[in-house]
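Spelled out, the chains give:
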Amino acid sequence: DYWQALFVAAYRLRDAELARTAARRSYELQSGSFLYRNNYAAMLLTLRERPELAVQLTFELFRQKPSLTEARLNHALALAQNQRHDEALALLKPIDPQKLSPAEITAFHLCRFDVYANLGDNEQAWNAADRIDRQQLLPPQTVWIEKRLAQLPPRQSR
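This is a predicted model, so every value here is computed, not measured. (Residues numbered from 1 in each chain as written. Predicted model: local features only at pLDDT ≥ 70, side-chain atom pairs only at ≥ 80, totals over all residues. Heavy atoms only, no water.)

Undergrad: Help me understand the overall build of the protein, please; the structure alone is not making it clear to me.
TA: The helix and strand tally for the protein stands at nine helices and zero strands. Seen along its three principal axes, the alpha-carbon backbone of the protein occupies a region of about 55 × 30 × 30 Å. Looking at the 158 residues of the protein, the share that counts as buried comes to 47%. Long-range pairs, those at least 24 residues apart, make up 53% of the contacts in the protein with a sequence separation of at least 6. By element, 50% of the accessible surface of the protein is carried by carbon and sulfur atoms, the whole surface being about 8600 Å². For the protein, the separation between the mean place of its 21 positive charges and that of its 18 negative charges on side chains is 1 Å. (Helix = DSSP H or I, 4+ residues; strand = E, 2+ residues; numbered from the N terminus. Buried < 20%, exposed > 50% of the residue type's maximum accessible area, 1.4 Å probe, protein only. Contact = heavy atoms within 4.5 Å. Areas by Shrake-Rupley, 256 points an atom, 1.4 Å probe, with all protein chains shown as cover. Lys, Arg positive; Asp, Glu negative; His and termini not counted. Charge placed at Lys NZ, Arg CZ, Asp CG, Glu CD.)

Undergrad: Would you mind showing me how to read the packing of aromatic side chains here?
TA: Between two aromatic rings, the relevant description is the distance of the centres plus the angle of the planes. As enumerated under the stated definition, the model contains four aromatic pairs in all. Their ring planes at 75° and their centres at 5.0 Å tell us that Tyr2 and Trp3 sit as a pair that is edge-to-face. Relative accessible area serves as the criterion here: at 23%, Trp3 is assigned to the partly exposed category. Judged by centre distance (5.9 Å) and plane angle (40°), the ring pair of Phe7 and Tyr11 falls under tilted. One end of the pair is Phe7 and the other is Tyr11, both in helix α1 (residues 2-12) and four residues apart, which spans about a single turn. Across from the ring centre of Trp144, 4.0 Å away, lies the NZ or CZ of Arg48, which sits over that ring. (Phe/Tyr/Trp six-rings, centres within 6.5 Å; stacked < 30°, edge-to-face > 60°. Lys NZ or Arg CZ within 6 Å of the ring centre and 35° of its normal.)

Undergrad: I'm lost on the layout of surface pockets in this one. Help?
TA: If you roll a probe as big as a water molecule over the atoms, it shows you where there is empty space left. A volume near 620 Å³ is recorded for the largest pocket. Looking at the largest pocket, it is lined by 26 residues, and the ones nearest its centre are Tyr11, Ala42, Thr46, Asn74 and Ala103. If you list the elements that add at least two residues to the lining of the largest pocket, you get α1, α3 (34-47), α5 (69-81), α7 (102-119) and α9 (139-151). Here the lining of the largest pocket gets six residues from one element, more than from any other, and that element is α3. (1 Å grid on protein atoms, 1.4 Å probe; cavity = no way out; pocket = protein on both sides within 12 Å on 5 of 7 lines; lining within 4 Å. Points joined across faces, edges and corners; volume = space filled by probe spheres on them.)

Below, the structure written as structure tokens:
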């Protein structure tokens, strides 16, 4: 309970490092907990660390609760970070962005951005980036996306 409370506080304070530590400790103490596995996977994805573990954790979560949008989004993000772009896009396909919370829609477009930027589809990457609510991101995500955007060629004029 202590580590989960610390995770929630750190996340609200936007302290990604502390949130990761708290999520990891919760997971280590109760690895069977859906919540603790989900929190730890989410922090690995946020910090873009250990993508091979993130994809394992998110796959287990998605397999347990395939109808849970958060589990689908986190697994798609993990697939994207593991360069499994077609699988990531396939997981996103049935999602209606109009029905997502602000955090979920940000994750949806962040995943699309990651995939399209890696595939070299710059127009789609820019379109996805435009839809990412930077207020929903933790500082390491903001740093990553700004670096990644700087690497993209300029937008095509319309």
